[in-house]
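Observations on the model geometry
Residues per chain are reported as follows:
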Amino acid sequence: MPSLLDNLNPEQLAAVTLPAQHALILAGAGSGKTRVLTTRIAWLIQTGQVGPHGVLAVTFTNKAAKEMLARLSAMLPINTRGMWIGTFHGLCNRLLRAHWREAALPQTFQILDSADQLSAIKRLLKALNIDDEKYPPRDLMHFINASKEAGLRAHAVEAWDDFTRRRVEIYQEYENQCQREGVVDFAELLLRTYELLERVEPIRAHYQARFRHILVDEFQDTNVLQYRWLKLLAGGGACVMAVGDDDQSIYAFRGAEVGNMRDFEREFRVPNVIRLEQNYRSHGNILDAANAIIKNNAGRLGKNLWTDRGSGEPIRVYEAMSDTEEARWVVEEIRSLVMEGTARREIALLYRSNAQSRVLEHALFTANLPYRVYGGLRFFERQEIKHALAYLRLIANPDDDTAFARVVNFPTRGIGARSLEQLQDAARPVMGEGAASLWAAAKNLGGKAGQSVGVFVALIDRLRAACEGLSLPEMVEQAIELSGLVAHYKTEKEGQDRLANLDELVNAAVNFVSEEGFPVEQPPGDAVTDAPVVPPDPLASFLAHASLEAGEHQAGDSDDAVQLMTVHSAKGLEFNIVFISGLEEGLFPHENSILEDKGLEEERRLMYVAVTRARERLYLSFAQTRMLHGQTRYNMKSRFLEEIPELLTKWLTPKVRPQRVAEPTWGNRYYEPKPAYPSAPPVRTRYETENSGGGFRIGQQVQHAKFGQGVIVSAEGSGSDARVQVNFGREGIKWLALSVAKLTPA
DNA sequence: TGGGAGTGCTTTTTT
DNA sequence: AGCACTCCCA
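Note that this is a predicted model, so its numbers are computed, not measured.

1. Some thoughts on the overall build of chain A
When you go through chain A residue by residue, the secondary structure sums to 29 helices and 21 strands. Buried residues in chain A amount to 53% of all 746 residues. A total accessible area of about 33400 Å² is found for chain A, and carbon and sulfur atoms account for 50% of it.

Following this line, the structure appears as structure tokens:
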């Protein structure tokens, strides 16, 4: 009979079968981390050391949680539904739904995503008449979130100057507003749960007794509050297994504390630290490069990846003249890879910052190579979806002012800025009593504004009545119909996609219901709290789901496409072929990071993550000239390139470039000498010109219907975008788009 | 109310 | 250079 433990290497096996004690697993990139984590859970359950009920497994992303659940149900014949495996936020949501009373929340509390939070802050500033130039909403949002993530309520934030004192006041006002509206932001989910467990002894004791084994994925990404949260839950003698890689900590900028790993080891007196250093992903040269890079960081917990796969190919390095030329080289290289049979989806194009994708996309597009860019708008973040959800939110909780303000006049129903201002005024707190919600104020608003707002209130009431007793998907249909959203987008000329997305929202509701299988199990904890048993509300659950899991970035283009993404979003993924472009000082490492404390080390970890994404072949490239923020910049090559031992690399371009060159002498067809003047138009190469359509090249004599004879001086772009600069002598020098101008060889 | 012009920002991102 | 956001005018 096959065992769970088959095919584990000794370290993995040791980790999986550790006795019931705390453990820290230092899992290098590609060392089988997820496998260890899931097998550990399966093994604990299979050997009867714990029931599915007694396990708590925490991840950072929904994707990771889903994968864990999927693998687990493949390993064990158990129903994983109902197991406490999920993201920090998802699990907190679950706890707060079960104990909403003790957490002082309405039963149908809503979750604000970042965009909702920002608009809530803007609305607050307006209501309080606060200058948003002096207190930019974005800064306030960061301030508030950072405070919460440090576990600090407004009264606990230290403020030594007037500015901070004012910000703290705003923080407090924001909290009041959220509480009044019955909404929580992401950080609040964590903090509120933490406080609930800390404050209410029976609930804490219940969960402490329940969870015997706590497992944490990507532990290096935990922030202060998450770590405290874990300590609290583990306080009843649970065993904590933390899995992480300090070398892959790349989220310090959003509050992640690598130091938690050291603290964990010390505070839990962890008897078992296991290093997973055998890498199953990459060839030796790639690993050696990664090791050589990360070695330059100080204070590591220490780890050295190795493989038995053999050293493989050298790492290819390319120096381009310009960003455009770099992109063209990448595309050319991809083309030949694809020609040789490489699947496009196995090729990843990584860059440090999103702005770099444009040039690459352009080159790919021109070359007619299918590609997919990660990042950008996700399904539940689209405006039409957020509008529809806002209507649903108002059904669930009319006091949700964010939802109210979002759709009170969308589709337009004659409620302009003035009416809204009156409404805000009416909702403003009066002496002795707190502020009212916009909804409550709307019900009592008189005058002309009162009339038009009354129409909206009536609409929501009608919608709520219409939804009575309906299934979730039917409710969604009612909402998008009665609200007028469908009618609105039907008249809009670009509305087709939006209508399709609204349909898709109905589908999402159908799927949600079938996956969750309402009515689900009892919310846990009733025994503790004596709360009346309330079946979970499908609408509230669905809305929480929409906030917590924003969905796919793009409609499932599962086509075979080249993958473009930032290094950050590549974390956790792997590809046969990886290109890391823009390896230039100022870009990667990013210039802003140089000034930050420990910034450079984080950049280096980022580089480490990037390099370890590759299985078989790694390309590194940089450009001498790059357009950034509308200006041409001349960057030096990245220090990270220098950190890779020379013998691991193969330069596709000469490593040392002569200062002045009249003609390229080293036969590389991609290479052209530097332009004579920095201000000269972007570098063109003969290669590009030949590819620019029409087969023109620099120096060629051409004929133009109006300007007569001329000679091509330079060219840029390619495909339909190709332009050439032609010197027509007396007629002057002109730029001509080849797709427009009729040029013939003369 | 909606579109067009003007303004300012620009590392990385999940929940 | 682009893009998002604001403001002002018809």
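The structure having been displayed, the exposition proceeds.
2. Examining the protein's contact with DNA strand C
Taken together, Arg358, His629 and Gly630 make up the full set of residues near DNA strand C. Here a sugar or linking oxygen of DNA strand C sits 3.3 Å away from a polar atom, N or O, in the side chain of Arg358.

3. A few points about the environment of Val50
Here Val50 is to be found in the loop between α2 (33-46) and β2 (55-59). Between the C-alpha atoms of Val50 and Gln478, which are 428 residues apart in sequence, the distance is 45 Å. Residues within four places of Val50 in sequence aside, it is in contact with Leu44, Ile45, Val55, Arg212 and His213.

4. Describing the protein's contact with DNA strand B
In the neighbourhood of DNA strand B, 27 residues make up the surrounding shell, with Ser114, Arg352, Asn354, Thr566 and Glu596 lying closest. Per the 4 Å cut-off to the protein, sugar and phosphate atoms form 56% of the nearby atoms of DNA strand B. Within the side chain of Arg378, one N or O atom sits 3.2 Å away from a phosphate oxygen of DNA strand B. For the surface near DNA strand B, a count of residues per class yields 5 nonpolar, 17 polar and 5 charged.

5. Observations regarding unusual backbone geometry
Backbone phi values are negative for most residues with the exception of glycine, while trans is the configuration of most peptide bonds. A cis amide bond links Phe410 to the next residue, Pro411, at an omega of -5°. Structurally, Pro411 is set in the loop between α16 (401-407) and α17 (417-427). For the bond running from Phe588 to Pro589, omega is 10°, close enough to zero to count as cis. In this structure, Pro589 sits in the loop between β13 (575-580) and α26 (591-595). We note that His629 has phi near 50°; this positive angle belongs to a residue other than glycine.

6. Concerning the pairing of strand β14 (residues 614-628)
In terms of burial, β14 is largely enclosed, as 13 of its 15 residues are buried. Across 6 bridges, strand β9 (residues 315-322) lies against β14 in parallel orientation. Bridging from a neighbouring strand, Glu319 pairs with Phe622 of β14. Bridge analysis of β13 against β14 gives 5 bridges, and the strand direction is parallel.

7. Let's talk about the side chain of Gln117
Position of Gln117 among the secondary structure elements: in helix α5 (residues 114-127). Among the residues examined, Gln117 registers a relative accessible area of 4% and is labelled buried. When sequence neighbours within four positions are dropped, the list of residues in contact with Gln117 reads Leu112, Met141, Ile144, Asn145, Tyr174 and Asp185.

8. Focus on the pairing of β9
Regular strands place side chains that alternate from one sheet face to the opposite one. Within β9, 8 of the 8 residues are buried, which leaves it mostly tucked inside the rest of the structure. As paired strands, β9 and strand β16 (residues 649-651) are joined by 3 bridges and run parallel to one another. Looking at β16, one finds that Val317 is bridged to Trp651.

9. Brief notes about the nonpolar core
In terms of nonpolar packing, the biggest core is built from 51 residues, with Phe456 and Phe542 touching the most fellow members. Of the residues forming this core, the biggest block, 9 residues, is contributed by helix α15 (residues 383-396). Counting residues in each nonpolar core, the second largest holds 46 residues, with Trp100, Ala238, Phe268 and Leu548 among its members.

10. Side note on the packing of aromatic side chains
The way to describe two aromatic rings as a pair is by their centre distance and the angle between their planes. Under the counting rule described, the total for this entry stands at 23 aromatic pairs. Centre to centre, the rings of Tyr227 and Phe268 are 6.4 Å apart; their planes meet at 40°, and the pair counts as tilted. Here Tyr227, found in helix α10 (residues 224-233), pairs with Phe268, found in the loop between α11 (259-267) and β8 (272-276); they are 41 residues apart in sequence, far enough to count as distant. Neither Tyr227 nor Phe268 differs from the other in exposure class; each is buried. Ring centres of Phe264 and Phe268 lie 4.8 Å apart, and the angle between their planes is 50°; this geometry places the pair in the tilted category. In terms of burial, Phe264 and Phe268 fall into one category: buried. An aromatic cluster is built from Phe219, Tyr227, Phe264 and Phe268, whose rings are joined through pairwise contacts. Taking NZ or CZ as reference, Arg97 lies 3.7 Å from the ring centre of Phe109, over its face. Above the face of the Tyr374 ring, Arg372 is positioned so that its terminal group lies 4.4 Å from the ring centre.

11. A look at helix α6 (residues 137-149)
Across its 13 residues, α6 extends 18 Å between first and last C-alpha, which sits within 8% of the 18 Å expected from 1.5 Å per residue. Residues of α6 that are buried: Pro137, Leu140, Met141, Phe143, Ile144, Asn145, Ser147 and Lys148. Once α6 ends, the next one or two residues include Gly151, with phi positive near 85°.

12. Notes on the packing of helix α4 (residues 88-98) against helix α24 (residues 538-548)
Taken N-terminus to C-terminus, the directions of α4 and α24 make an angle of 155°; their axes are 11 Å apart at the nearest point. It follows from the interaxial angle that α4 and α24 lie roughly antiparallel. Seen along the crossing, α4 lies across α24 with a hand that is right-handed. Contacts between α4 and α24 pair His89, Gly90, Asn93 and Arg97 from the former with Ala540, Ala544 and Leu548 from the latter. Among the residues making up the contact of α4 with α24, the classes are represented as 3 nonpolar, 3 polar and 1 charged.

13. Considering the environment of Gly237
The residue Gly237 is located in the loop between α10 and β7 (239-244) in this model. Exposure remark for Gly237: the relative accessible area of 48% places this residue in the partly exposed category. As a C-alpha pair, Gly237 and Gln208 span 29 residues in sequence and 7.5 Å in three-dimensional space.

14. Details of the sheet that holds strand β1 (residues 23-27)
An order of β3-β2-β6-β7-β1-β8 is seen for the 6 strands of this open sheet, with the pairing classed as parallel. Both edges of this open sheet fall to β3 (84-87) and β8, since each of them pairs with a single strand only. Pairs of neighbouring strands in the sheet enclose a mean axial angle of 15°, with direction left out of account. As paired strands, β2 and strand β6 (residues 213-216) are joined by 4 bridges and run parallel to one another. Looking across to β6, one finds that Leu56 is bridged to Ile214. Taken strand by strand, helix α3 (residues 62-75) contacts β2 and β3, and its axis lies near 155° from that of β3.

15. Overview of the side chain of Asp185
Mapped onto the fold, Asp185 is located in strand β5 (residues 183-185). For Asp185, a relative accessible area of 0% translates into the label buried. Within polar-contact distance, the side chain of Asp185 engages the side chain of Gln117 at 3.3 Å.

How each quantity is defined
Residues numbered from 1 in each chain as written. Chains lettered and ligands numbered in written order. Predicted model: local features only at pLDDT ≥ 70, side-chain atom pairs only at ≥ 80, totals over all residues. Heavy atoms only, no water. Helix = DSSP H or I, 4+ residues; strand = E, 2+ residues; numbered from the N terminus. Buried < 20%, exposed > 50% of the residue type's maximum accessible area, 1.4 Å probe, protein only. Areas by Shrake-Rupley, 256 points an atom, 1.4 Å probe, with all protein chains shown as cover. Near = heavy atom within 4 Å. Polar contact = N/O pair within 3.5 Å; in protein donor to acceptor, adjacent residues only side chain to side chain. Contact = heavy atoms within 4.5 Å. Nonpolar A, V, L, I, M, F, W, Y, C, P; charged D, E, K, R; others polar. Pairing = 2+ DSSP bridges. Core = buried A, V, L, I, M, F, W, Y, C linked by side-chain atoms within 4.5 Å. Phe/Tyr/Trp six-rings, centres within 6.5 Å; stacked < 30°, edge-to-face > 60°. Lys NZ or Arg CZ within 6 Å of the ring centre and 35° of its normal. Expected span 1.5 Å × (residues − 1). Axes fitted to C-alpha atoms, helices over the stretch in contact; angles between N-to-C directions. Parallel < 35°, antiparallel > 145°, perpendicular 65-115°, else oblique. Left-handed = near helix turned anticlockwise from the far one by under 90°.

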